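Observations on the model geometry
Chain residues, written in single-letter form:
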Amino acid sequence: DAKTTQPPSMDCAEGRAANLPCNHSTISGNEYVYWYRQIHSQGPQYIIHGLKNNETNEMASLIITEDRKSSTLILPHATLRDTAVYYCIVSNYGQNFVFGPGTRLSVLP
Amino acid sequence: DTAVSQTPKYLVTQMGNDKSIKCEQNLGHDTMYWYKQDSKKFLKIMFSYNNKELIINETVPNRFSPKSPDKAHLNLHINSLELGDSAVYFCASSLRQVLQGGEQFFGPGTRLTVL
């Protein structure tokens, strides 16, 4: 079973920031937080990952709380093409790398 | 050019048959994976190979046997197919192992239906 909890669905207006939360209260010190997304019928796509510090790349930003028990993925300017299921995963050195049900993000025009 | 490719895209077969799914990556990665996505959409890692060596082998029935002839290929052979094997199977690859924080690139998936 997945070690993370995410809301099942969220809506976001096009052009606005999408903030996707994830709870991982049982995360251990050596586990990374990964975010992937899956657009319908395609393979998952890597977005970002981090251990302790906040991270930013061309796709998104990852904010990890100081106690590491939760994180937020931020898509700064959501577009219709960002509509997908977003998965938050914590990985214990590759074991139990499980994508849970994720959050279905709908970007609305 | 497709980075991670899988064949076939769809596979429909009878219970009890043996089938194989092929995966190839042209990214020069050292590590490859097989995942299974079930009807509830949970996507779980099954196997991981690094430089043709098995690294991760989650609790998977012995009927599933991965084979890596070289670094660029990781095939999945399934014996005596059962109804519960129906799922979408994804192949993936990464430059570094997941345990080192590696980003994974996924193939398009193979939808297996066992009748």
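Here is a short report on the structure shown in this document.

What counts, and at which threshold
- For every chain, the first residue of its written sequence is number 1, and the numbers climb from 1 along that sequence.
- Throughout, the order in which chains and ligands are written sets their labels, letters from A for the former and numbers from 1 for the latter.
- Confidence filtering applies because this is a predicted model: local features only for residues at pLDDT of at least 70, side-chain atom pairs given and counted only at 80 or more, and all residues used for totals across whole chains, interfaces and linings.
- Remark: hydrogens and water are excluded; side-chain values derive from all non-hydrogen atoms of the structure.
- Per-residue accessibility, obtained with a 1.4 Å probe over protein chains only, is compared with the maximum for each type, and a residue is labelled buried under 20%, exposed over 50%, and partly exposed between these values.
- Numbering goes from the N terminus for both helices and strands, where a helix is a DSSP run of H or I of at least four residues and a strand is a run of E of at least two.
- In this scheme, strands are said to pair when DSSP sees at least two bridges between them.
- Nonpolar core, defined: a set of buried Ala, Val, Leu, Ile, Met, Phe, Trp, Tyr and Cys residues in which side-chain atoms within 4.5 Å join the residues together.
- Contact criterion: two residues are considered in contact whenever any of their non-hydrogen atoms come within 4.5 Å of each other.
- Salt bridges are defined as contacts in which a side-chain nitrogen from Lys or Arg sits within 4 Å of a carboxyl oxygen from Asp or Glu.

The side chains of a regular strand alternate, first on one face of the sheet and then on the other. Residues and elements named next belong to chain B. In terms of burial, strand S9 (residues 87-94) is largely enclosed, as eight of its eight residues are buried. Burial of S9 is two-sided: the residues Ala 87, Tyr 89, Cys 91 and Ser 93 facing one way and the residues Val 88, Phe 90, Ala 92 and Ser 94 facing the other way are all buried. As paired elements, strand S4 (residues 31-37) and S9 share seven bridges and run antiparallel to each other. Residue pairing across strands places Met 32 opposite Ser 93, the latter belonging to S9. Of the pairings in the sheet, the one linking S9 to strand S11 (residues 110-114) comprises three bridges and is antiparallel in character. Bridged to Val 88 within S11 is Arg 111.

Bringing the nonpolar core into the picture now. Membership of the largest hydrophobic core comes to 21 residues, with the highest contact counts inside it found for Leu 20, Trp 35, Leu 73, Leu 75, Tyr 86 and Leu 105 of chain A. Sorting the residues of this core by element identifies strand S2 (18-23), strand S3 (32-38), strand S4 (45-50), strand S6 (61-64), strand S7 (70-75), strand S8 (84-91) and strand S10 (103-108) of chain A as the ones contributing at least two each. Per-element tally for this core: the top contributor is S8 of chain A, with four residues. Not counting residues up to four positions away in its chain, the partners in contact with Leu 73 of chain A are Ala 18, Asn 19, Leu 20, Trp 35, Ile 47, Ile 48, Ala 60, Ser 61 and Tyr 86 of chain A. Core analysis: the second largest hydrophobic core is formed by 20 residues, Val 60, Leu 74, Ile 78 and Cys 91 of chain B among them.

Let us now look at the pattern of salt bridges. Scanning the model with the defined rule gives five salt bridges over all chains in all. A salt bridge links Lys 3 of chain A to Glu 31 of chain A; its shortest N-O distance comes to 2.6 Å. Taken together, the residues span a long stretch of sequence, with Lys 3 of chain A in the segment before strand S1 (9-13) and Glu 31 of chain A in the loop between S2 and S3 at a distance of 28 residues. Among the residues examined, Lys 3 of chain A registers a relative accessible area of 32% and is labelled partly exposed. For Glu 31 of chain A, a relative accessible area of 1% gives the class buried. Residues Arg 63 of chain B and Glu 82 of chain B are paired through a salt bridge, measuring 3.4 Å at the closest nitrogen-oxygen approach.

Taken by themselves, the reported measurements are silent on function.
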